[in-house]
Amino acid sequence: MATDLSTAVATTKGIGIPAAWTDAAIVLAAAVVPVALAPLLHSVSLYLAIGVLSIFACGVVAVIPAYAPVVAIVGLLFQNIFVSLWSPVLDPAAVEFIKGYNFLVCAVMWLATLALFILGQRDRSPPTVRLMGMSSIALGAVLLYFVLGAFANPMAATIYLRNIVLPIFLFQLALLTSASMELRIKPALIAIAIVFIVCGYIELTFRDFWLDVTHGYSYWRFDELKATDSGVWEREMRRTGAVAVDLKDRFKFGFLNTPLLDGFGLSEILRIFGPNISAISYGYGVAFFALFLFSVGRPVMAVISLPLLVLCSVKGALILLLFVSVGWLATRLIGAVLALAFGLAALVLYILAGIYVGLNIGDYHVLGFMGGINGFLQAPWGRGLGIGGNLSEGFDEIDWSAAQQAGSVNGAVESAVGVLLYQMGLAALVPLAFYFYLAMRAWRLYAYSGIASQGMVAFGICAILANGIFQEEALFAPPALGLLVCLSGIILGASVRAENLQLEA
């Protein structure tokens, strides 16, 4: 039985708008607590921070389990802004670790929910068990290659593990929660979207004020120290001849980061980084919320967010928005089956054209992908997480001129799919196939119901997988694949719950 997102993420029907928004405000206030306190707790004691945040995560699952996905989403989107707020008093060496506390909260909530599932306290109907089984196989494949990679490069392997397993954690957390109880989180998600968008407009309009009030200069100083110590800046200045005079010079960016648009006067855009202080992640977040707002009947809010998406200058996020929008329209015009067929064919053409053009212009994302393909052919069984990729040793020393001449880099960088193939070999197909399966499950619901949120998940995950060939962040940045997979868990779980209630009736 198909179910609307209004069931999964709750309409305000029957509960009154004030009550719904009051609940949303209370939940969001609670969700902000761990991300706000994490830097302060860590500055007192590492063990205190881990202990308090773990207890908090368990408390969410015990007291307000229906809002666990909201707590996870808030942490993933807003952790960095609180790190920035606390940055004047933080140890530079601890900043990267502190930024990972949102993952800790998410992982503990996932683990607590999984334990309840094993103990029979969450829905264990056959559809839920099948989805849990398939996602656990994908998780197991990743963990196996983490063990292999940890022996060679434990830090890089750990970071890649976090990036790769997070969407699976979000899916299982959302699936088990949505399949077991009615969720009333639509107002909370809309509120998150509004705050996320407002932050972008404040940064765009009052950049100096934004940097001052968030202690942005102090936060970016940590990145400057890392870039200086590693020699990245010196090599970049020698390669381009460009010298950054102040912080905002580092924000200047050619539109969509492609030489194909040179000569159009679009080389001096100041990118927006948003509350997660990452232009690419913020761009994907804005694209997600624009589509989400439209799917739940908030088209004006969705349109308001679009200028921010353009000014983030993230190709993948724009492609995500365009592909889902065309998918929605095509489904109405020619039907669900033809829309899917033409959509998948369009993605194949997009991939082939992107590789062809990228090789001709020496695009480093395509060169990184080809390096992953070459590495996969050399070792089809993989090497282990952390071996290869942007975090690998030697990344900063890559000779891009030589790579352009060779048509690939030595290793895999700047391409999530290329990195996965390089690190996991054939096993990389397991998580990739699982995500495609989620897209097709959502599409089946969409083909039957026509509900926009289901189509958003179906077409959106397909677009993200294609973007993963040309961008490492597409699969590894939480606002990209993570948010869509979390939404897929909510939708599929709500569908399972509706079927179970129908059978019981």
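Cut-off values and rules
Residues numbered from 1 in each chain as written. Predicted model: local features only at pLDDT ≥ 70, side-chain atom pairs only at ≥ 80, totals over all residues. Heavy atoms only, no water. Helix = DSSP H or I, 4+ residues; strand = E, 2+ residues; numbered from the N terminus. Buried < 20%, exposed > 50% of the residue type's maximum accessible area, 1.4 Å probe, protein only. Contact = heavy atoms within 4.5 Å. Areas by Shrake-Rupley, 256 points an atom, 1.4 Å probe, with all protein chains shown as cover. Phe/Tyr/Trp six-rings, centres within 6.5 Å; stacked < 30°, edge-to-face > 60°. Core = buried A, V, L, I, M, F, W, Y, C linked by side-chain atoms within 4.5 Å. pLDDT = per-residue confidence, 0-100. Expected span 1.5 Å × (residues − 1). Axes fitted to C-alpha atoms, helices over the stretch in contact; angles between N-to-C directions. Parallel < 35°, antiparallel > 145°, perpendicular 65-115°, else oblique. Nonpolar A, V, L, I, M, F, W, Y, C, P; charged D, E, K, R; others polar. Left-handed = near helix turned anticlockwise from the far one by under 90°.

1. Focus on the overall build of the protein
Phase 1: Scanning the protein from N- to C-terminus turns up 23 helices and 2 strands.
Phase 2: Expressed as a percentage of the 505 residues in the protein, the buried residues total 55%.
Phase 3: Here the contacts in the protein between residues at least 6 apart in sequence split such that 79% fall between residues at least 24 apart.
Phase 4: Surface summary for the protein: the accessible area is close to 21,200 Å², and the carbon and sulfur share equals 68%.

2. Side note on helix H19 (residues 416-424)
Given 3.6 residues per turn, any residue in an α-helix points the same way as the ones three and four places further on.
Phase 1: Buried residues dominate H19, accounting for 9 of its 9 residues.
Phase 2: Taken together, the buried positions of H19 are occupied by Ala416, Val417, Gly418, Val419, Leu420, Leu421, Tyr422, Gln423 and Met424.
Phase 3: Against helix H7 (126-150), helix H8 (154-180), helix H17 (364-378), helix H20 (429-449), helix H21 (452-467) and helix H22 (473-476) lie the buried residues of H19.

3. What about the side chain of Thr113?
Phase 1: Examined against the element boundaries, Thr113 turns out to sit in helix H6 (residues 101-118).
Phase 2: By relative accessible area, which is 2% here, Thr113 ends up buried.

4. Notes on the packing of aromatic side chains
Phase 1: The final tally for this structure, using the stated rule, is 17 aromatic pairs.
Phase 2: Seen from their ring centres, Tyr160 and Phe476 are 5.7 Å apart, and the 80 degrees between their planes marks the pair as edge-to-face. Separated by 316 residues along the polypeptide, Tyr160 in helix H8 and Phe476 in helix H22 bring together distant segments of the chain. Of the two residues, Tyr160 and Phe476, both sit in the buried class.
Phase 3: Plain terms: the ring middles of Phe434 and Tyr435 are 5.8 Å apart, the flat faces sit at 55 degrees to each other, and that makes the pair tilted.
Phase 4: On the accessibility criterion, Phe434 (3% relative accessible area) is buried.
Phase 5: Taken together, the ring pairs connect Phe78, Phe196, Tyr282, Phe288, Phe289 and Phe292 into an aromatic cluster.

5. Looking at the nonpolar core
Phase 1: Within the largest apolar cluster, 162 residues are counted, with the highest numbers of intra-cluster contacts made by Met109, Ile192 and Leu475.
Phase 2: If you tally residues by element for this core, the top one is H8, at 14 residues.
Phase 3: In contact with Ile192, not counting residues within four places along its chain, are Leu28, Val70, Ile73, Val74, Leu77, Phe78 and Phe289.

6. A few points about the confidence of the model for the protein
Phase 1: Scored by pLDDT, the protein comes out at a mean of 87, with 84% of its residues at no less than 70.
Phase 2: In this model, residues 1-16 is a region of pLDDT below 50 whose contacts with residues beyond four sequence positions or in other chains number 46 contacts.
Phase 3: Considering only residues more than four positions removed or in separate chains, one finds that residues 229-235, a stretch of pLDDT under 50, has 10 contacts.

7. Remarks on helix H13 (residues 279-295)
Phase 1: Compared with an ideal rise of 1.5 Å per residue, which puts 17 residues at 24 Å, H13 spans 24 Å between its outermost C-alpha atoms and is within 8% of the ideal.
Phase 2: One or two residues past the end of H13 sits Gly297, with phi positive at roughly 85 degrees.

8. Let's talk about the packing of H7 against H8
Phase 1: It is the contact of H7 with H8, at a shortest axis distance of 10 Å, that shows an interaxial angle of 170 degrees. Regarding the angle of H7 to H8, the classification is roughly antiparallel.
Phase 2: Among the residues making up the contact of H7 with H8, the classes are represented as 19 nonpolar, 6 polar and no charged.

9. Some words on unusual backbone geometry
Phase 1: Phi at Ser313 takes a positive value of approximately 60 degrees, unusual for a residue other than glycine.
Phase 2: Relative to the helices and strands, Ser313 is located in the loop between helix H14 (299-312) and helix H15 (315-334).
Phase 3: Ser313 sits in the buried class, given a relative accessible area of 2%.

10. Points about the packing of H13 against H15
Phase 1: Relative to each other, H13 and H15 sit at 20 degrees, their axes nearing to 8 Å. In this view, H13 runs roughly parallel relative to H15, as classed from their interaxial angle. For the pair H13 and H15, the crossing hand works out as right-handed. Facing H13, whose interface residues are Gly283, Tyr284, Ala287, Ala290, Leu291, Phe294 and Ser295, H15 presents Gly316, Ala317, Leu320, Leu321, Val324, Ser325 and Trp328.

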